[in-house]
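Chain residues, written in single-letter form:
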Amino acid sequence: MTDEFGVTAWGREWTRLAQPTKIIRPNPALPRARVLARNDNVRDVVLLAGSVTASVSTSDTSDYRVTVTFPTWDARRSAAAHEVVDGVSDGDLPDTLHAALRMRGVSVAPLVDELTAVCGCTQRVRPCVHILATYFEVARRIDENPRSGLLLRGFDPRSMSGASQVTLDDIDPTTFYSQGKTVSAGHSVVHRAALDS
Ligand SMILES: [Zn+2]
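What counts and how
- All chains use their own residue numbering, which begins from 1 and follows the written sequence.
- Given that the model is predicted, a residue must reach a pLDDT of at least 70 before its local features are reported, and side-chain atom pairs must reach 80 or more before they are shown or counted; all residues, however, enter totals for whole chains, interfaces and linings.
- Water and hydrogen atoms were dropped before computing side-chain values, which therefore reflect all heavy atoms in the structure.
- The helix count covers DSSP runs of H or I at least four residues long, the strand count covers runs of E at least two residues long, and both are numbered beginning at the N terminus.
- A simple rule labels every residue: compare its accessible area, found with a 1.4 Å probe on the protein chains alone, to the largest value its type can have, and call it buried under 20%, exposed over 50%, or partly exposed in between.
- Note on contacts: a residue pair qualifies if any of its non-hydrogen atoms lie within 4.5 Å across the two residues.
- Every accessible area reported is derived by Shrake-Rupley at a probe size of 1.4 Å, with residue values counting cover from the shown protein chains alone.
- Metal donors were taken as nitrogen, oxygen and sulfur atoms no farther than 2.8 Å from the ion, or 3.2 Å where the ion is Na, K or Ca. Water is excluded, so coordination may look unfinished.
- All geometry calls rest on donor angles, where a four-donor set with angles between 85 and 135 degrees is tetrahedral, four- and six-donor sets with opposite donors more than 155 degrees apart and all others between 65 and 115 are square planar and octahedral, and all else is irregular.
- Here a polar contact means two N or O atoms within 3.5 Å. Within protein one must be a hydrogen donor candidate and the other an acceptor candidate, and residues neighboring in sequence count only if both atoms are side-chain atoms.
- Within this document, salt bridges are pairs made up of a side-chain nitrogen of Lys or Arg and a carboxyl oxygen of Asp or Glu, the two lying within 4 Å of each other.
- The axes used here are C-alpha line fits, helices contributing only the stretch in contact, and every angle between their N-to-C directions lies in the interval 0 to 180 degrees.
- Under this scheme an angle from 65 to 115 degrees is roughly perpendicular, one under 35 degrees roughly parallel, and one over 145 degrees roughly antiparallel; angles in between are oblique.
- Following the grouping adopted for this structure description, the nonpolar residues are Ala, Val, Leu, Ile, Met, Phe, Trp, Tyr, Cys and Pro, the charged ones are Asp, Glu, Lys and Arg, and the polar ones are all others, Gly among them.

A. Inspection of the overall build of the protein at higher detail. Across its full length, the protein carries nine helices and four strands. Reading the protein from its N terminus to its C terminus gives the helix and strand order α-α-β-β-β-α-α-β-α-α-α-α-α. Looking at the 197 residues of the protein, the share that counts as buried comes to 40%. Within the protein, counting contacts between residues at least 6 apart in sequence, those at least 24 apart form 65% of the total. By element, 54% of the accessible surface of the protein is carried by carbon and sulfur atoms, the whole surface being about 11,400 Å².

Here it is as structure tokens:
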């Protein structure tokens, strides 16, 4: 069956928090959690580096506050993400880049044993249906904008334009002057600045 949550590889990682592949027995709360997310009952969603908060409204008219906290990427994972994502223009990140990230041993979603999920309800089973619904809602938002999945891990992509501009630091003075007037028009501002100095 096709799944409305986790249609991208980026978002799918978050749906796996709700339905781990290694668990055989279906979780009876999952269908309800999907309905809650599908019907926009997961509200006031705030995605920050290292945390997700949401308010889940249910048919018993109660609103339950859900808070999920997890570690941001360490330096190694951030560096791997820069290798993969830097220079990619804004817009959708294709699943191929997600695969490249996984090849470097980096997962977008936190692991289930490194996150803490808290809900204000009194259900004894954890994760409760409200936490599960929050995972589906996060997956949907990441599907719509995969970069939000990176931001959750504290990743700050470098802009593409900054990397492609020629600056004075990129010009080797020993070859610059020998090039003389052959420097292309695009570098003319830098050329004049160098001559003035
Ligand atoms: Zn709950």
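B. Looking closely at the coordination of the zinc ion. Looking at the metal site, the zinc ion is ligated by Cys119 (SG), Cys121 (SG), Cys128 (SG) and His130 (ND1), spaced 2.1 to 2.3 Å from it. Classification of the site at the zinc ion as tetrahedral follows from its four donor atoms and the range of 106 to 112° in their angles at the metal. Sequence spacing of the donors to the zinc ion: C-x1-C-x6-C-x1-H. The class for Cys119 is buried, based on a relative accessible area of 8%. The buried category is assigned to Cys121, whose relative accessible area is 8%.

C. Highlighting the side chain of Glu137. Structurally, the position occupied by Glu137 is in helix α5 (residues 129-144). Engagement of the side chain of Glu137 in a polar contact is seen with the side chain of Arg141, the distance being 2.8 Å. Apart from the residues within four sequence positions on either side, Glu137 is in contact with Ala37, Val42 and Val45.

D. Here's a closer look at unusual backbone geometry. In the segment running from Arg126 into Pro127, the intervening peptide bond is cis, with an omega of 0°. If you trace the backbone, Pro127 turns up in the loop between β4 (116-119) and α5. With a phi angle near 60°, Asp40 is a residue other than glycine that sits in the positive phi range. With respect to the element layout, Asp40 can be found in the loop between α2 (30-38) and β1 (42-48).

E. Expanded view of the pattern of salt bridges. Per the counting criterion, the structure on display carries eight salt bridges. Where Glu83 meets Arg104, a salt bridge forms, and the shortest distance between an N and an O atom there is 3.0 Å. Linking Glu83 in helix α3 (residues 75-85) with Arg104 in the loop between α4 (95-103) and β4, this pair joins segments that are 21 residues apart in sequence. In this structure, Glu137 and Arg140 form a salt bridge, with 2.8 Å as the shortest nitrogen-oxygen distance. Here Glu137 pairs with Arg140, and both are found in helix α5, just three residues apart, close to one helical turn. With respect to class, Glu137 is no different from Arg140; both count as buried. Each of Asp40, Glu137, Arg140 and Arg141 takes part in a single network of salt bridges with overlapping partners.

F. Region of the structure containing the environment of Ile131. By the secondary structure assignment, Ile131 is in helix α5. Owing to a relative accessible area of 0%, Ile131 belongs among the buried residues under this scheme. For the pair Ile131 and Thr53, spaced 78 residues apart in sequence, the C-alpha to C-alpha distance is 10.0 Å. In contact with Ile131, other than residues within four places in its own chain, are Val66, Ala117, Val118, Cys119 and Arg126.

G. Structural context of the packing of helix α1 (residues 9-18) against α4. With their axes 8 Å apart at the nearest point, α1 and α4 run at an angle of 60° to one another. Judged on the interaxial angle alone, α4 and α1 are oblique. Counted together, Ala9, Trp10, Arg12 and Glu13 of α1 and Asp95, Leu97, His98, Leu101 and Arg102 of α4 form the full contact between these two elements. Its residues placed into classes, the contact of α1 with α4 shows four nonpolar, one polar and four charged.

In short, the description is geometric, and any link to function would need to be established separately.
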